[in-house]
Amino acid sequence: MAISPFYLLFAVFGLFPILFSMYLSFQRWDGIGVMTFNGVNNYRFMLTDPEFWKAVGNTLLIWIYSTIPMLFSALVVAFLLNASFVKFRTFFRIGYFLPNVTSLVAVSIVFSTVFSNNYGLLNYIFTLIGLDPVEWLNHTWGIQLAVSFMVIWRWVGYNAVIYLAGLQSIPSVLYEAAKIDGASGIQSFFRITLPNLRPIILFTVITSTIGGMQIFTEPQVLVGNDGGVNGGGLTIVLYLYREAFINNYFGYGSAVGWGMFVLIALFSLFNWKMVQGKGTM
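Residues numbered from 1 in each chain as written. Predicted model: local features only at pLDDT ≥ 70, side-chain atom pairs only at ≥ 80, totals over all residues. Heavy atoms only, no water.

**As for the overall build of the protein**
Here is step 1 of the chain: When you go through the protein residue by residue, the secondary structure sums to twelve helices and two strands.
Here is step 2 of the chain: Counting from the amino terminus, the protein carries its helices and strands in the arrangement α-β-β-α-α-α-α-α-α-α-α-α-α-α.
Here is step 3 of the chain: Its C-alpha atoms give the protein principal-axis dimensions of about 75 × 65 × 40 Å.
Here is step 4 of the chain: Looking at the protein alone, contacts between residues at least 24 apart form 64% of all its contacts between residues at least 6 apart.
Here is step 5 of the chain: A total accessible area of about 16,300 Å² is found for the protein, and carbon and sulfur atoms account for 71% of it.
Here is step 6 of the chain: In the protein, 13 side chains carry a positive charge and 10 a negative one; their mean positions are 15 Å apart. (Helix = DSSP H or I, 4+ residues; strand = E, 2+ residues; numbered from the N terminus. Contact = heavy atoms within 4.5 Å. Areas by Shrake-Rupley, 256 points an atom, 1.4 Å probe, with all protein chains shown as cover. Lys, Arg positive; Asp, Glu negative; His and termini not counted. Charge placed at Lys NZ, Arg CZ, Asp CG, Glu CD.)

Dropping the structure here:
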């Protein structure tokens, strides 16, 4: 009885929306009128819609541009925060984590001024050093880079704190024994640190994959609901939002949501296999 409120809330706000979205994905509905059974036509249209696959490609590119540099930077930051020569480590830990609790809309507005075509901070710096301004938001690659920088800035500190916890959980006697045996710092890193951090790295890769495939607020605030020029910022969730809540194709939007679920599951499984390596379960 004590835990029944959790299950009731989960059933109402978790389980029911999931099941209803599955049912809705086989319907044609504008959100107000009568639902009409549409079979698998929503899924058939999704698989043949060039805009959907463009959104998938944009999302994957933004994930590559942001997640790989972000996880590498987080690992470097974690090593620095774990180093004994660094002073005020608690202050730096809080400072690196602050971007993660900052309003995402506010961050997107700030970055829109940084990458602005006419009066952006980056273009101002370019003119100071004699370079021509770049119309970042008028090019597909510029939009994707701007969104990627937002993701990196926001999540480096979060993952650095996770890596730091993993580093501090490794027994120091392992490094002392390796040092006695004549192992170098690089050998200790590849033979001790990385194997012990593998579960942590796997966790950050999977969570970053799930989060990266669900990017929405950054491109929506930065370039609008259509993804900007040539749809360069059109991600899967932004495409879902446009079709469901702007064009009022709620059945098709639900189908896109389930298509995104399958893509995230497959992509997460691929990353899990890549990080775990051969011979592991």
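**A look at the packing of aromatic side chains**
The relative placement of two aromatic rings is captured by the distance of their centres and the angle of their planes.
Here is step 1 of the chain: Across all of its chains, the model carries 26 aromatic pairs by this definition.
Here is step 2 of the chain: Between the aromatic rings of tryptophan 258 and phenylalanine 261, the centroid separation amounts to 5.5 Å while the plane-to-plane angle is 75°, which identifies the pairing as edge-to-face. Of the two residues, tryptophan 258 and phenylalanine 261 both sit in helix H12 (residues 250-276), three residues apart, roughly one turn of that helix.
Here is step 3 of the chain: An aromatic cluster is built from Phe111, Phe115, Phe126, Trp136, Trp141, Phe149 and Trp153, whose rings are joined through pairwise contacts. (Phe/Tyr/Trp six-rings, centres within 6.5 Å; stacked < 30°, edge-to-face > 60°.)

**Brief notes about the nonpolar core**
Here is step 1 of the chain: Grouped together as the largest cluster of nonpolar side chains are 20 residues, with contacts concentrated most on Met46, Phe52, Ile236, Tyr239, Tyr252 and Val256.
Here is step 2 of the chain: Of all the secondary-structure elements, those providing two or more residues to this core are helix H2 (41-48), helix H3 (50-82), helix H11 (236-246) and H12.
Here is step 3 of the chain: Not counting chain neighbours up to four residues away, the residues in contact with methionine 46 comprise Phe52, Trp53, Tyr252, Ala255, Val256 and Gly259.
Here is step 4 of the chain: The next biggest cluster of nonpolar side chains, apart from the first, holds 19 residues, and it includes Met70, Val77, Ile170 and Val205. (Core = buried A, V, L, I, M, F, W, Y, C linked by side-chain atoms within 4.5 Å. Buried < 20%, exposed > 50% of the residue type's maximum accessible area, 1.4 Å probe, protein only.)

**Let's talk about the packing of helix H5 (residues 104-114) against helix H7 (residues 140-168)**
Here is step 1 of the chain: Relative orientation of the contacting elements H5 and H7 amounts to 130°, with a least axis distance of 11 Å. What the angle tells us is that H5 and H7 run oblique. As H5 runs across H7, the sense of the crossing is right-handed. When H5 is examined against H7, the residues Leu104, Val107, Ser108 and Phe111 are found in contact with a partner set consisting of Phe149, Met150, Trp153 and Arg154.
Here is step 2 of the chain: When the residues that make up the contact of H5 with H7 are grouped by side-chain class, the tally is six nonpolar, one polar and one charged. (Axes fitted to C-alpha atoms, helices over the stretch in contact; angles between N-to-C directions. Parallel < 35°, antiparallel > 145°, perpendicular 65-115°, else oblique. Left-handed = near helix turned anticlockwise from the far one by under 90°. Nonpolar A, V, L, I, M, F, W, Y, C, P; charged D, E, K, R; others polar.)

**Observations concerning H2**
Here is step 1 of the chain: Listed in full, the buried residues belonging to H2 are Asn42, Tyr43 and Met46. Here the buried residues of H2 occupy an arc of 95° about the axis, which is enough to place them on one side. (Arc of directions from axis to C-beta.)

**Considerations on the pattern of salt bridges**
Where charged atoms from two side chains of opposite charge come close, those side chains can pair.
Here is step 1 of the chain: Counted by the stated rule, this structure contains three salt bridges.
Here is step 2 of the chain: The shortest N-O distance in the salt bridge between aspartate 226 and arginine 242 comes to 3.9 Å. Residue aspartate 226 is located in the loop between helix H10 (217-223) and H11, and its partner arginine 242 is located in helix H11; the two are separated by 16 residues in the primary sequence.
Here is step 3 of the chain: Among the residues examined, aspartate 226 registers a relative accessible area of 52% and is labelled exposed.
Here is step 4 of the chain: Arginine 242 is paired through a salt bridge with glutamate 243; the nearest N and O atoms lie 3.1 Å apart. (Salt bridge = Lys/Arg side-chain N within 4 Å of Asp/Glu carboxyl O.)

**Details of the environment of isoleucine 32**
Here is step 1 of the chain: Mapped onto the fold, isoleucine 32 is located in the loop between strand S1 (27-28) and strand S2 (36-37).
Here is step 2 of the chain: Residue isoleucine 32 is classed as exposed on the basis of its relative accessible area of 79%.
Here is step 3 of the chain: The spacing of isoleucine 32 and glutamate 51 is 19 residues in sequence and 26 Å in space, taken between C-alpha atoms.

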